[in-house]
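This is what each chain is made of:
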Amino acid sequence: MLPQSIVAGAFLPARMKAELDFAGDLARGARGVRVKRVQEHLSLAGFGLGIDADFGPATQTQVRKFQTARGLPSTGVVDMATWTALVSPMIAAVAPIAPAGRTLSQLVEAFARQHADVHPREAGGDNRGPWVRAYLGWDGAGARWCAGFTCFALEQAAHALAIKAPIASSASCDTLADRAKAAGRFVSGTAVNTGAWPKANIAPGSFFLVRASSTDWVHVGIVKTAGPESFSTLEGNTNDEGSSNGYEAVHRQRRYGKIDFIVW
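If you're wondering where the values come from, they're calculated on a predicted model, not measured in any experiment. Throughout, residues of each chain are indexed from 1 in the direction in which the sequence is written. pLDDT decides what is reported in this predicted model: residues at 70 or higher carry local features, side-chain atom pairs at 80 or more are listed and counted, and totals for whole chains, interfaces and linings draw on all residues regardless. By convention in this description, side-chain values take in all heavy atoms of the structure and omit both hydrogens and water.

Runs of H or I in DSSP of at least four residues are treated as helices and runs of E of at least two as strands, each being numbered from the N terminus. Each helix and strand counted, the protein has 10 helices and six strands in total. When we talk radius of gyration, it's over C-alpha atoms, and the globule rule is simply 2.2 Å times the number of residues to the 0.38. A compact globule built from 264 residues should have a C-alpha radius of gyration of about 18 Å, and the protein, at 19 Å, falls within 12% of that. Along the three orthogonal principal directions, the C-alpha set of the protein runs to about 65 × 35 × 25 Å. Buried means the residue's accessible area, taken with a 1.4 Å probe over protein chains only, is under 20% of the maximum for its type, while exposed means over 50%, and partly exposed covers the values in between. Classification of the 264 residues of the protein by burial places 50% in the buried group. Reported accessibility uses the Shrake-Rupley method at a 1.4 Å probe radius. Residues are deemed covered only where the shown protein chains occlude them. In the structure as shown, the protein presents an accessible area of about 11,200 Å², 52% of it carried by carbon and sulfur atoms. Under the convention used here, Asp and Glu are negative, Lys and Arg are positive, and both His and the chain ends fall outside the count. Taken as the charge location is NZ of Lys, CZ of Arg, CG of Asp or CD of Glu. If you average the places of the 27 positive and of the 22 negative side-chain charges in the protein, the two averages end up 2 Å apart.

The structure is reproduced here in C-alpha cells:
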C-alpha cells in the first residue's frame, strides 16, 4: 500500500514504488528487508543506528524519538503514519510539477531541483540505500547512481508532458553519451570551449558529462544555469569536492573544460 499523501499523477516506476510501499505495521522483534528500510530512513532523518534488518531495542528507541520529533504518538511501532513521515522526502521528490508552458529542458531542471532540495544520499554503506535503489532499481558495489538521478528527472519531465523521452535512460554515462550522439543531442566540450556552440545555448535542464577520454565519461548531472566561465549544477552520487562516486545529491558549481553536454 502506498502512502495516501502521494499526489495523483506522480511518476512512480516500479523501483520507486518498491521503496514507498507499506506492507503493514512493524514492531520490536521483526526482521528482514522491511526493517532494514525503516532503519535506513531513520538514519537519513538524523536518527542514526545500525542497519542490520533487526528491529531490536535500538531501533525501537529511534522510532520513538522520530515519532516524538514529528508529532506522532510515541509507540515505537512503525505504522502507516510513521512510515509516511519517514518517506516524506521521497514523496516530495516525486510530486508532479505542472508544465505551465515550460519546455522539457526546463522541467528536467525543475524536477532535479525538487530532488536535490530534499538531499538524497546514501545509507548503510557505499552506493547503498533507498535513494540509490529508487534511481537504479538496485544498490551495492558498483551502483554508481549519478545517471540514475539524472535520468529520473528526465523521465519525470517527459511524463509531465506526456511525451517520450528524447533518449532512453541508462545507468551508464557512456551509454547516455552514445544515445545522445545517435539522437543528435550531443554537444562536445570542444564546440563549447571554442564558441562554436554558444554557452548561452546550454539551457537549464541540459545534461553535462565529465569526460575521461573520447569514449569514456565518468559522471553526469544536470545544468541549472550556464555562465560565461562556469555553470551551476544539480547532481547525484557526488559531494562538495565533485567526486564521481560521492554519497549525496547536491547543488554545485563547475567550470568548463573536459565537459560535454546533452541538450533537449
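Between its first and last C-alpha atoms helix α6 (residues 104-116) spans 18 Å; for 13 residues at 1.5 Å apiece the expected length is 18 Å, and the two agree. Taking burial as the measure, the 13 residues of α6 include 11 buried ones, the bulk of the element. Taken together, the buried positions of α6 are occupied by L104, S105, L107, V108, E109, A110, F111, A112, Q114, H115 and A116. Helices are assigned an expected span. That span is 1.5 Å times one less than the residue count.

Further remarks concern the pairing of strand β4 (residues 230-238). The two faces of the sheet receive side chains in turn, since in a regular strand these alternate between them. β4 sits mainly inside the fold: eight of its nine residues count as buried. Note on pairing: two strands pair once DSSP finds at least 2 bridges between them. As paired strands, strand β3 (residues 216-226) and β4 are joined by four bridges and run antiparallel to one another. Among the inter-strand pairings, V223 is bridged to a residue of β4, identified as T233. Counting the residues between successive antiparallel strands, the hairpin from β3 to β4 contains three residues.

One non-glycine residue with positive phi stands out, namely A100, at about 45°. Within the secondary structure layout, A100 lies in the loop between α5 (88-93) and α6. On the basis of relative accessible area, A100 is assigned to the exposed category, the value being 71%. The phi dihedral of N127 falls on the positive side, at around 60°, and the residue is not glycine.

Note on method: axes are straight lines fitted to C-alpha atoms, helices fitted across the in-contact stretch only, with angles between N-to-C directions ranging 0 to 180 degrees. Where helix α2 (residues 33-44) meets helix α3 (residues 57-69), the axes come as close as 11 Å, and the angle between the chain directions of the two elements is 50°. The orientation of α2 with respect to α3, classified from their angle, is oblique. Considering how the two elements wind past one another, α2 and α3 form a crossing that is left-handed. Along its contact with α2, which presents V38, Q39 and L42, the element α3 presents T59, Q62, V63 and F66. Gly is put with the polar residues, along with every residue not named as nonpolar or charged; the nonpolar set is Ala, Val, Leu, Ile, Met, Phe, Trp, Tyr, Cys and Pro, and the charged set is Asp, Glu, Lys and Arg. Classifying every residue of the contact of α2 with α3 gives four nonpolar, three polar and no charged. Should an angle fall under 35 degrees it is called roughly parallel, over 145 degrees roughly antiparallel, and 65 to 115 degrees roughly perpendicular, with every other angle called oblique. For a crossing to be left-handed, the near helix must be turned anticlockwise from the far one by less than a right angle; the clockwise case is right-handed. Any two residues whose heavy atoms approach within 4.5 Å at even a single point are treated as in contact.

Note on aromatic contacts: the rings of Phe and Tyr and the six-membered ring of Trp form a pair at centre separations within 6.5 Å, being stacked when their planes are under 30 degrees apart, edge-to-face when over 60 apart, and tilted otherwise. Enumeration according to the criterion identifies 12 aromatic pairs in this entry. Aromatic side chains Y135 and W145 sit 5.9 Å apart centroid to centroid with 10° between the ring planes, which places their arrangement in the stacked category. A residue pair is termed long-range when its members are at least 10 positions apart, and Y135 in helix α7 (residues 130-136) and W145 in the loop between α7 and α8 (146-161) qualify at 10 residues. Accessibility assignment for this pair places Y135 and W145 in one class, buried. Through a chain of ring-to-ring contacts, the aromatic side chains of F11, W131, Y135, W145, F149 and F152 assemble into a single cluster. Geometrically, a charge over a ring is one whose NZ (Lys) or CZ (Arg) sits within 6 Å of the ring centre while staying within 35 degrees of the ring normal. The lysine or arginine in question, K181, covers the ring of F186, its NZ or CZ lying 4.9 Å from the ring centre.

Of all hydrophobic cores here, the largest spans 38 residues; its most connected members are M16, L20, V38, L42 and V78. Contributing elements (two or more residues each) for this core: α1 (14-20), α2, α3, α4 (80-86), α5, α7 and α8. A total of five residues in this core trace back to one element, the largest contributor, which is α7. When residues no more than four places from it in sequence are discounted, the contact partners of V78 are F22, G24, D25, L26, V38, F55, V63, W83 and L86. Think of a nonpolar core as a cluster: buried Ala, Val, Leu, Ile, Met, Phe, Trp, Tyr and Cys residues, connected wherever their side-chain atoms sit within 4.5 Å. Counting residues in each nonpolar core, the second largest holds 28 residues, with V108, L176, F207 and L234 among its members.

Purely geometric numbers; function is a separate question.
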